[in-house]
Amino acid sequence: MKIEQKIILSNAINVVFIVLIGLLAFQNLSLMLTKLRFVEISDDLNASFLEMRLSEKNYFLYHDKNSLFEIKEMIDAAEKSIDQAREDISHAVSEENLSRLRMHLKEYAGAVDKVSNAAQGDSNAELMLRAQGKRLRDYSKTMTQIERKGVNNMISSSKSMLIILFITVLVTAVLVSHFISQKILRSLRDVKKLTESISQGNFNKIVGAIPNDELGSLITAVNSMSEELSRREEELIQAKKLASIGVLTAGVAHELTNPLNNISMITQNFIELYDNFNKENALGLLNNIQGETERIEKIVKNLLDFSKPKEVNLTESDINRPVKKALRLMQNTLDVSNVELTVNLAKDVPHVFIDDNQIQQVLVNLLTNAVQAMPVGGRLYVETEADMTRGTVEITVVDNGNGIPREYLPHIFDPFFSTKGAEGTGLGLSVSYGIIKNHNGHIRVESKVGEGTTFTIELPIYKQ
Amino acid sequence: MSRIMVIDDEKIVGDMSRMSLEQEGYEVETFLNAEPALARLKEEQFDIVITDYKMKGMDGMEVLRTIKTMYPEIKVIMITAFANLDTAIEALRGDVHDFFPKPVKIKELKASIKRALQKE
Ligand SMILES: Nc1ncnc2c1ncn2[C@@H]1O[C@H](COP(=O)(O)OP(=O)(O)OP(=O)(O)O)[C@@H](O)[C@H]1O
Ligand SMILES: [Mg+2]
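Predicted model only: the values in this text are computed from it and were never measured. (Residues numbered from 1 in each chain as written. Chains lettered and ligands numbered in written order. Predicted model: local features only at pLDDT ≥ 70, side-chain atom pairs only at ≥ 80, totals over all residues. Heavy atoms only, no water.)

1. Comments concerning the interface of chain A and chain B
The extent of an interface is frequently quoted as the accessible surface area lost upon association of the parts. Each side of the interface is counted separately: chain A has 22 residues, and chain B has 19 residues. The contact between chain A and chain B buries some 1900 Å² in all, and 60% of this surface belongs to carbon and sulfur atoms. Among the residues of chain A in contact with chain B, A:Asn261, A:Met265 and A:Asn269 are the three that bury the most area, contributing 27% of the side total. Between A:Arg295 and B:Glu10 there is a salt bridge, with the nearest N and O atoms lying 2.8 Å from each other. Considering each element in turn, the side of chain A that touches chain B owes the most residues, 11 residues, to helix 5 (residues 214-272) of chain A. (Contact = heavy atoms within 4.5 Å. Buried area = accessible area lost by both parts, 1.4 Å probe. Salt bridge = Lys/Arg side-chain N within 4 Å of Asp/Glu carboxyl O. Helix = DSSP H or I, 4+ residues; strand = E, 2+ residues; numbered from the N terminus.)

What follows is the structure, encoded as structure tokens:
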């Protein structure tokens, strides 16, 4: 189920709860209202019963028949209001109670009649009246009390019911939102980790079950972005490689000139002095020609090998191998540019797990930059070294060229950052950075304007 | 008999130059680098020095300058694999007799040598 649906569902459940509580509370309140009305009525009745009894006392004191008459009137009024109440609020008060009350009232009325008809001083009838009056009032009093208590009970029970329901709704809302946000946060954390690693140049993916909701779509989108970026990076690496070949061929072309010249001079002499040759020196010269063609073949093969697009191919390797290959490719460019090269390669250096071709390309990029930073020539120092305590192998490239201004340093690894105008695409270092990152390595730079620049590459030592 | 010195770190260049030039009746000595060649100039007189432009250690331009200061009568012919306008101009300023990009046409080289010797 989608997260949106889950949230809607949980909200709907809560709304239903709240509506139910509301309805219940409403019903309770209206019941309470009628009960309160009844309590009011019975309060009134109580009051009039009290007055009846006062008149009753008056009669006993002064034997004024008027008092009895008053009582009768009051009884009539009370009967009316009881009948009225029976119609209005019978559902709130038990019918039985009301009719009992009505009966007591009737008996009382009967007793009043008896007294008024009997001769004065009929103590029997008078006693009867008194007893009935007391019963009526007691009954009405207790009934009122009971109803009042009932109303109180209802109020407190609906109060606690409201509290319980309130807590239930609150708890489910909190639990549901906690569950959902937990779930969202967990996936978002995965996505965050991935995007961070992507921004560092590691084009990984989120693996494992992908949920079938919005987060799932997000994860799928980020995954395919990562895939696309990695493909683009490969394309970029290849593009930069082809671009470096432009620089390399200038050097390599010169390198080809010498063996070509050698072959040419031998053949010119062959043609010119053919008759002077004996078999022995003819064979010697043909061997020379063969040697020179092999020299050419090697140079061309080196370049072709470098330029060919290659699948990333990580192998256990000696770091010095790609370094030497890169130096070979750059040999002539260095020569022509008046760069004095010093190489110091570590012996028996621990192996690394690398793509030779890519590391070679990184070195070509760094060496090209170094040469370009020394327009009138200079000194270049290339070193490999193992650092056993850190578990790394380091390649260091030091030039004593122009150096990099401090304000440029944060940007030199950015794609397309270049200070070389049309001469540079600004891809060399960014591509190198990507390659080294993919090897779980680091590339650092130190530079001082006017003094030179040092690039250091760190690669982890390979452990079986 | 005219004496010619060839300096080039490519051994074949020296060998082939000698083979061809000896046929013309010149006396030829070859060197793989500049320092021993210059030392040899102190001992023997040469009419022409053919030198490569780009060599390990002392390069062709330095050879040209040294010869022009110490033995101005020697003619210098420069050959180079890195032919471009800058190197040519630099060489001409240094009073080079002739300038050949590799691959060298031996016939042209021989003609140039002949001209150099005739001027004397
Ligand atoms: N060794 C160095 N010395 C001085 N500046 C350098 C050096 N290496 C890099 N830089 C600076 O960093 C910038 C970026 O280098 P990067 O190799 O990425 O691009 P580029 O050399 O300009 O172009 P490209 O390599 O694509 O031909 C360069 O333009 C230059 O300003
Ligand atoms: Mg560059």
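Additional details are given in the paragraphs that follow.
2. So, the site of ligand 1
Residue and element names in this part refer to chain A. Neighbouring ligand 1 are 21 residues, the closest being Ser-418, Thr-419, Lys-420, Thr-425 and Leu-429. Contacts to ligand 1 include Gly-426, whose backbone N or O atom sits 2.9 Å from an oxygen atom. Between Gly-428 and ligand 1, the recorded distance is 3.4 Å, taken from a backbone N or O atom to an oxygen atom. Where the shell around ligand 1 is concerned, the elements lending two or more residues are helix 8 (356-372), helix 9 (428-438) and strand 7 (452-460). Tallying contributions element by element places helix 8 first for the shell around ligand 1, with 3 residues. Partitioned by chemical class, the residues of the shell around ligand 1 number 8 nonpolar, 10 polar and 3 charged. (Near = heavy atom within 4 Å. Polar contact = N/O pair within 3.5 Å; in protein donor to acceptor, adjacent residues only side chain to side chain. Nonpolar A, V, L, I, M, F, W, Y, C, P; charged D, E, K, R; others polar.)

3. Let's talk about the sheet that holds strand 7 of chain A
By way of backbone hydrogen bonds, the strands of a sheet pair with one another, either parallel or antiparallel. Residues and elements named next belong to chain A. Read across the sheet, 5 strands follow the order 2-4-5-7-6 without closing on themselves; strand pairing throughout is mixed. Because the sheet does not close on itself, it has two edges, and the strands there are strand 2 (339-344) and strand 6 (442-448). Across the sheet, the mean angle from the axis of one strand to that of its neighbour is 15°, orientation sign disregarded. Here helix 8 sits on the sheet and contacts strand 2, strand 4 (378-387), strand 5 (392-399), strand 6 and strand 7; the angle it forms with strand 5, its principal contact strand, is near 25°. (Pairing = 2+ DSSP bridges. Axes fitted to C-alpha atoms, helices over the stretch in contact; angles between N-to-C directions.)

4. Brief notes about the packing of helix 6 (residues 279-307) of chain A against helix 7 (residues 320-336) of chain A
Residue and element names in this part refer to chain A. Packing of helix 6 against helix 7 leaves a shortest axis separation of 10 Å and a crossing angle of 120°. Helix 7 is crossed by helix 6, and the crossing has left-handed handedness. In this structure, helix 6 contributes Ile-299, Asn-302, Leu-303, Asp-305 and Phe-306 to the contact, and helix 7 contributes Lys-325, Arg-328 and Leu-329. (Left-handed = near helix turned anticlockwise from the far one by under 90°.)

5. Digging into the layout of surface pockets
The space that makes up the second largest pocket amounts to roughly 750 Å³. Taken together, 26 residues make up the lining of the second largest pocket; nearest its centre are A:Gln331, A:Asp335, B:Asp9, B:Lys54 and B:Lys56. Mapped onto the lining of the second largest pocket, the elements with two or more residues apiece are helix 5, helix 6, helix 7 and strand 2 of chain A. Here the lining of the second largest pocket takes 5 residues from helix 7 of chain A, the largest share from any one element. Tallied by class, residues from the lining of the second largest pocket come to 7 nonpolar, 5 polar and 14 charged. Each of two domains, domain 2 (214-307) and domain 3 (315-460) of chain A, supplies a minimum of three residues to the lining of the second largest pocket. (1 Å grid on protein atoms, 1.4 Å probe; cavity = no way out; pocket = protein on both sides within 12 Å on 5 of 7 lines; lining within 4 Å. Points joined across faces, edges and corners; volume = space filled by probe spheres on them. Domains from an automatic or database assignment.)

6. Remarks on the sheet that holds strand 5 (residues 98-101) of chain B
All names here are of chain B. The 5 strands are arranged 2-1-3-4-5 in an open sheet whose pairing can be described as parallel. Two strands in the sheet have a free side with no partner beyond their single neighbour: strand 2 (27-31) and strand 5. Put simply, the sheet's adjacent strands are angled 15° from each other on average, direction ignored. In this sheet, strand 5 lies alongside strand 4 (residues 75-80) in parallel orientation, the contact comprising 4 bridges. Considered in strand 5, the bridge of Ile-77 is made with Asp-98.

7. A closer look at empty space enclosed by the protein
Empty pockets left among the atoms are what a rolling probe the size of a water molecule brings to light. In this structure the tally under the stated criterion is 1 cavity of 30 Å³ or more. Of the pockets and cavities examined, the largest cavity occupies roughly 30 Å³. Residues belonging to the lining of the largest cavity are distributed by class as follows: 7 nonpolar, 1 polar and no charged.

8. Quick look at the packing of helix 5 of chain A against helix 8 of chain A
Residues and elements named next belong to chain A. Between helix 5 and helix 8, whose axes approach to 11 Å, the crossing angle comes to 50°. Accordingly, the angle class assigned to the pair helix 5 and helix 8 is oblique. Viewed along their axes, helix 5 and helix 8 form a crossing whose handedness is left-handed. Across the interface between the two elements, Ile-237, Lys-240, Lys-241, Ser-244, Val-247 and Leu-248 of helix 5 pack against Asn-357, Gln-358, Gln-361, Val-364, Asn-365 and Thr-368 of helix 8. Considering only residue class, the contact of helix 5 with helix 8 consists of 4 nonpolar, 6 polar and 2 charged. (Parallel < 35°, antiparallel > 145°, perpendicular 65-115°, else oblique.)

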